[in-house]
Amino acid sequence: MLNAIITERARREFARAMQFENGGAPQLHPGDSQKLPLLYIHIPFCEKLCPYCSFHRVLFERTLCRDYFSALRKEITLYKKAGYRFSGIYVGGGTPTVMIEELEDTLALAGECFPIREISVETNPDHLTDRNIAVLKKAGVNRLSVGIQSFDDRLLRDMDRYEKYGSGEVIARRLSPVLGNFDTLNADMIFNFPSQNMQNLERDIDVLMSLGVDQITYYPLMISDSTRQVLREKFGQIDYRKEEQFYHRIAERLLPAYRLSSAWCFSKKEAMIDEYIVDYDEYAGIGSGSIGYLNGTCYANTFHIREYISRIDHDEMPIAAVRTFLLRDQMRYDFLMKLFGTKLDVRDFRTKYRGIFYRVLWPSILAFSLAGSLTYRAPCFHLTKQGRYTWVIMMREFFIAVNNFRDFFRAGQ
Ligand code: SF4
């Protein structure tokens with residue numbers, strides 16, 4: 001009952017927050033925050049498309065992809081000319097390693113332009129070749145995140161991934177030799193796919209434990225409303241009661257050996273956090289469909305790939321939608337993200353927001369404390385065991401709102 005209320009409220013709240021204004025370039029200018037922002041780079045190409053995926057992705061075309069990478073490099077220089085500096089890079093997709101030499105050149109350029117200290121790249125199991133690993137290591141990649149979802153062959157077939165990436169056994173065999181090549185090797189997994197059950201979840205965790213990967217990110221199924229319809233017709237309704245059982249079981253199995261670095265990310269050591277939105281207060285988004293958040297302004301680049309390339313060719317920022325948040329909304333966004341990382345330091349908040357904390361956040365703190373989601377140990381608020389799942393719900397709804405926004409914008413372009 002309580003979870004259903006949280007879901008409903010979060011859904012309404014995030015749908016409201018994702019109402020952007022069309023077009024126009026925001027007044028982006030380098031801020032004065034203590035920590036340098038992150039540079040998010042989006043590569044929207046995939047060799048084959050998975051039916052449940054709500055990300056911004058299109059089928060790989062070699063020439064278009066090459067032009068796209070050139071445009072990305074030019075966009076990097078536009079940010080440099082505007083005076084931005086970044087300390088970290090996250091390359092997401094799509095499939096970022098779809099043209100490895102282009103990625104290599106792009107990372108090299110970003111390294112020349114900015115004081116980059118950490119690089120995280122996403123990939124798929126069939127791209128774990130010796131050559132790709134060597135290129136990524138040489139490019140300075142610290143964290144490699146591999147989209148696995150499950151090792152269960154039936155589930156992989158349901159997700160349309162068996163033919164593309166091989167059986168669970170093949171995927172595990174590809175993953176194993178990559179361990180030790182990067183500071184962090186992350187396995188992206190999924191829970192609450194409609195045809196998943198507790199037995200195949202337990203077997204997936206057995207495989208992960210025996211592999212001993214540095215980090216495991218267990219995402220709940222987060223699909224846009226339009227994809228939900230497709231899945232419902234094929235596999236039936238998504239059951240959120242099952243989601244809670246799955247989550248608690250995952251935490252029970254993984255927590256002795258791993259620690260929580262976000263509500264759904266389990267790390268063995270001081271690994272880099274999977275969600276850069278936890279680690280970085282601000283990020284620029286480059287590439288088609290990227291979303292950035294700088295100086296309280298959230299913006300999205302055009303989802304139309306050829307338009308993106310053409311606007312960059314004309315030295316234009318390819319921004320298609322903008323929303324500037326009031327201070328109150330910026331604080332609520334920060335509250336959500338910091339607690340997604342399991343704790344919020346009240347002193348840091350006060351420093352960042354000129355002493356303001358309870359005056360704006362007391363309703364949220366009161367509501368989540370009464371619901372048993374938060375506990376205070378000076379100087380931080382922490383998620384309780386129940387609170388971790390509450391934050392899974394909140395973040396699931398946050399990303400569903402982002403996915404709906406993507407669908408809405410793609411449809412209009
Ligand atoms: S799940 Fe990954 S590989 Fe599949 S279409 Fe989406 S981005 Fe591409």
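Calculation criteria
Residues numbered from 1 in each chain as written. Predicted model: local features only at pLDDT ≥ 70, side-chain atom pairs only at ≥ 80, totals over all residues. Heavy atoms only, no water. Helix = DSSP H or I, 4+ residues; strand = E, 2+ residues; numbered from the N terminus. Rg over C-alpha atoms; globule rule 2.2 N^0.38 Å. Contact = heavy atoms within 4.5 Å. Areas by Shrake-Rupley, 256 points an atom, 1.4 Å probe, with all protein chains shown as cover. Lys, Arg positive; Asp, Glu negative; His and termini not counted. Charge placed at Lys NZ, Arg CZ, Asp CG, Glu CD. Buried < 20%, exposed > 50% of the residue type's maximum accessible area, 1.4 Å probe, protein only. Arc of directions from axis to C-beta. Near = heavy atom within 4 Å. Nonpolar A, V, L, I, M, F, W, Y, C, P; charged D, E, K, R; others polar. Expected span 1.5 Å × (residues − 1). Salt bridge = Lys/Arg side-chain N within 4 Å of Asp/Glu carboxyl O. Phe/Tyr/Trp six-rings, centres within 6.5 Å; stacked < 30°, edge-to-face > 60°.

A.B. asks: Break down the overall build of the chain for me, with residues and values.
C.D. replies: Across its full length, the chain carries 16 helices and 18 strands. Relative to the compact-globule value of 22 Å for 413 residues, the chain shows a C-alpha radius of gyration of 20 Å, a close match. If you line up the chain on its principal axes, its C-alpha atoms span 55 × 55 × 40 Å. For the chain, long-range pairs separated by at least 24 residues make up 74% of all intrachain contacts whose partners lie at least 6 apart in sequence. Summed over all atoms, the accessible surface of the chain reaches about 17600 Å², with 51% contributed by carbon and sulfur. Across the chain, the mean location of the 54 positive side-chain charges is 4 Å away from that of the 51 negative side-chain charges.

A.B. asks: Outline helix H7 (residues 168-175), supporting the account with residue identities and numerical values.
C.D. replies: Taken as a whole, H7 has its buried residues at Gly168, Ile171, Ala172 and Leu175. For H7, the buried positions fall inside an angular range of 100° around the axis, keeping them on one side. Residues of H7 that are exposed and angled more than 90 degrees away from the buried face: Glu169 and Arg173.

A.B. asks: Tell me about unusual backbone geometry, and please be specific about residues and values.
C.D. replies: With an omega of 15°, the peptide bond between glycine 93 and glycine 94 qualifies as cis. A cis amide bond, omega 5°, links alanine 378 with the succeeding residue proline 379. Along the chain, proline 379 turns up in the loop between strand S17 (374-377) and strand S18 (380-383). Backbone geometry places asparagine 192, a non-glycine residue, at a positive phi of 75°. If you trace the backbone, asparagine 192 turns up in the loop between strand S8 (184-191) and helix H8 (198-211). One non-glycine residue, asparagine 295, lies in positive phi territory at about 55°. Checked against the element boundaries, asparagine 295 lands in the loop between strand S13 (291-294) and strand S14 (297-301). By relative accessible area, which is 29% here, asparagine 295 ends up partly exposed.

A.B. asks: Could you give an account of the site of the ligand, naming the residues involved and the relevant values?
C.D. replies: Around the ligand, the surrounding shell consists of Cys46, Leu49, Cys50, Tyr52, Cys53, Arg57, Gly94, Asn124, Arg161 and Tyr165. When the residues that make up the shell around the ligand are grouped by side-chain class, the tally is six nonpolar, two polar and two charged.

A.B. asks: I'd love a proper account of helix H1 (residues 2-17), names of residues and values included.
C.D. replies: The end-to-end C-alpha separation of H1 is 22 Å, in line with the 22 Å expected for 16 residues at 1.5 Å each. Within H1, burial applies to Asn3, Ile6, Thr7, Ala10, Phe14 and Ala17. Down the axis of H1, the buried set is contained in an arc of 100°. They therefore lie on one face. Those residues of H1 that are exposed and aimed more than 90 degrees away from the buried face are Arg9 and Arg12.

A.B. asks: Give a description of the pattern of salt bridges that names residues and reports values.
C.D. replies: Using the criterion set out here, one finds 26 salt bridges in the structure. We note a salt bridge from arginine 249 to glutamate 202, for which the minimum N-O separation is 2.5 Å. Taken together, the positions of arginine 249 in helix H10 (residues 240-254) and glutamate 202 in helix H8 put the pair 47 residues apart, joining distant regions of the chain. Exposure remark for arginine 249: the relative accessible area of 25% places this residue in the partly exposed category. For lysine 338, the salt bridge identified is with aspartate 281, shortest N-O distance 2.7 Å. On the criterion of sequence distance, the pair formed by lysine 338 in helix H13 (residues 327-340) and aspartate 281 in the loop between helix H11 (276-279) and strand S12 (283-286) is long-range, its members being 57 residues apart.

A.B. asks: An account of the packing of aromatic side chains is needed here, citing residue identities and associated values.
C.D. replies: Overall, the coordinates contain 31 aromatic pairs when judged by the stated rule. Judged by centre distance (6.1 Å) and plane angle (40°), the rings of tryptophan 264 and phenylalanine 399 are tilted. Placement of tryptophan 264 in the loop between strand S10 (259-262) and strand S11 (265-267) and of phenylalanine 399 in helix H16 (residues 385-411) is noted, with a sequence separation of 135 residues between them. Take tryptophan 264: its relative accessible area is 0%, and that puts it in the buried class. Here the aromatic rings of phenylalanine 368 and tryptophan 391 are separated by 4.7 Å at their centres, their planes lie at 55°, and the arrangement is tilted. With phenylalanine 368 in helix H15 (residues 358-370) and tryptophan 391 in helix H16, this residue pair connects regions lying 23 residues apart in the sequence.

Purely geometric stuff here, so don't read any function into it on its own.
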